[in-house]
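Observations on the three-dimensional arrangement
Residues per chain are reported as follows:
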Amino acid sequence: ISAYGPSGPGAVYAIELNSGAVRLFANVPDAGPDEHDSTGDYQPDNAAADWVGKTSLGDIELTSDASELLVMNLRDRRIHRYSVPDAQHLGSFAHGASSEAWSSDARPFGLGTSGDWVFHGVVNSAEASGEPNDLMGVVYASRRDGSEMRQVATVDFDYDRGQHDRWQAWPQQSIVEWRVRSMPHPMLTDIAFDPSGRYLAATSN
């Protein structure tokens, strides 16, 4: 089932560990409309395919001291900050590629924290050029308020995926006459560190 929860595309929910009760923690502003097609119990839900990675929310991450929750908004492409546990909205800041020449094709998603630093992953979707060679993943680091933004790593998507097709430029589908072909496109969906905090791993999906 592809349906959003009852509070829509921008909702972040919390589960009370003692009781198992689920409650709305926050509703992130400007997360976009619900693009899903509920006809036929969301099958095949073709209308939503064009919005994968472009609407609703991406990764969420607690800061190292657990005092703030960071949420990636895929629609406005900003990182939103909420205090924990009262869910006060503390503001937001733009992703690291917002001033790059390819900013219109920049698609952020994954988040990670280490010490006082916040890390996030951005993909150059190459949607404008349609050239797979333009695909690129970049990881940025900043303070939790978005200050001291800097690039810390790049990810090459031109690697052998075995039995799977190589990554292609966005969008997800290519339509030629009546045929629809799925075009796998990359997203940097998560960022993690080893126990020492020295080594960063960015997950592409």
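A few points on the structure. (Residues numbered from 1 in each chain as written. Predicted model: local features only at pLDDT ≥ 70, side-chain atom pairs only at ≥ 80, totals over all residues. Heavy atoms only, no water.)

Turning to the packing of aromatic side chains, a few remarks are in order. Scanning the model with the defined rule gives two aromatic pairs in all. Between Phe-25 and Tyr-82, the aromatic rings sit 6.5 Å apart at their centres with planes inclined by 70 degrees, giving edge-to-face as the arrangement. A residue pair is termed long-range when its members are at least 10 positions apart, and Phe-25 in strand S2 (residues 22–27) and Tyr-82 in strand S5 (residues 78–83) qualify at 57 residues. On the accessibility criterion, Phe-25 (12% relative accessible area) is buried. Over the face of the ring belonging to Trp-117 we find Arg-143, whose NZ or CZ atom lies 3.8 Å from the ring centre. Against the face of Trp-117 rests Arg-150, its NZ or CZ located 4.6 Å from the ring centre. (Phe/Tyr/Trp six-rings, centres within 6.5 Å; stacked < 30°, edge-to-face > 60°. Helix = DSSP H or I, 4+ residues; strand = E, 2+ residues; numbered from the N terminus. Buried < 20%, exposed > 50% of the residue type's maximum accessible area, 1.4 Å probe, protein only. Lys NZ or Arg CZ within 6 Å of the ring centre and 35° of its normal.)

In any sheet, the strands associate via hydrogen bonds between backbone groups, in a parallel or an antiparallel arrangement. What the four strands build is an open sheet, ordered S7-S8-S9-S10; its pairing is antiparallel. Since the sheet does not close on itself, it has two edges, and those belong to strand S7 (106–114) and strand S10 (150–155), each with one partner. The mean angle between the axes of side-by-side strands here comes to 25 degrees, regardless of whether they run parallel or antiparallel. One ladder, built from five bridges, connects strand S9 (residues 136–143) with S10; its direction is antiparallel. Each bridged residue has a counterpart across the sheet, and for Gly-137 the counterpart in S10 is Val-155. (Pairing = 2+ DSSP bridges. Axes fitted to C-alpha atoms, helices over the stretch in contact; angles between N-to-C directions.)

Taken as a whole and judged by the stated rule, the model has seven salt bridges. A salt bridge links Asp-65 to Arg-144; the shortest N-O distance between them is 3.4 Å. Residue Asp-65 is located in the loop between strand S3 (57–62) and strand S4 (68–73), and its partner Arg-144 is located in the loop between S9 and S10; the two are separated by 79 residues in the primary sequence. Judged by its relative accessible area of 49%, Asp-65 falls in the partly exposed class. One salt bridge in this structure joins Arg-144 and Glu-68, with 3.4 Å as the shortest N-O distance. A residue pair is termed long-range when its members are at least 10 positions apart, and Arg-144 in the loop between S9 and S10 and Glu-68 in strand S4 qualify at 76 residues. (Salt bridge = Lys/Arg side-chain N within 4 Å of Asp/Glu carboxyl O.)

This brings us to empty space enclosed by the protein. In total, this model carries one cavity of 30 Å³ or more according to the counting rule given. For the largest cavity, the full set of lining residues is Thr-63, Ser-64, Thr-113, Gly-115, Asp-116, Trp-117, Val-118 and Arg-144. Here the lining of the largest cavity is built from residues that sort into two nonpolar, four polar and two charged. (1 Å grid on protein atoms, 1.4 Å probe; cavity = no way out; pocket = protein on both sides within 12 Å on 5 of 7 lines; lining within 4 Å. Points joined across faces, edges and corners; volume = space filled by probe spheres on them. Nonpolar A, V, L, I, M, F, W, Y, C, P; charged D, E, K, R; others polar.)

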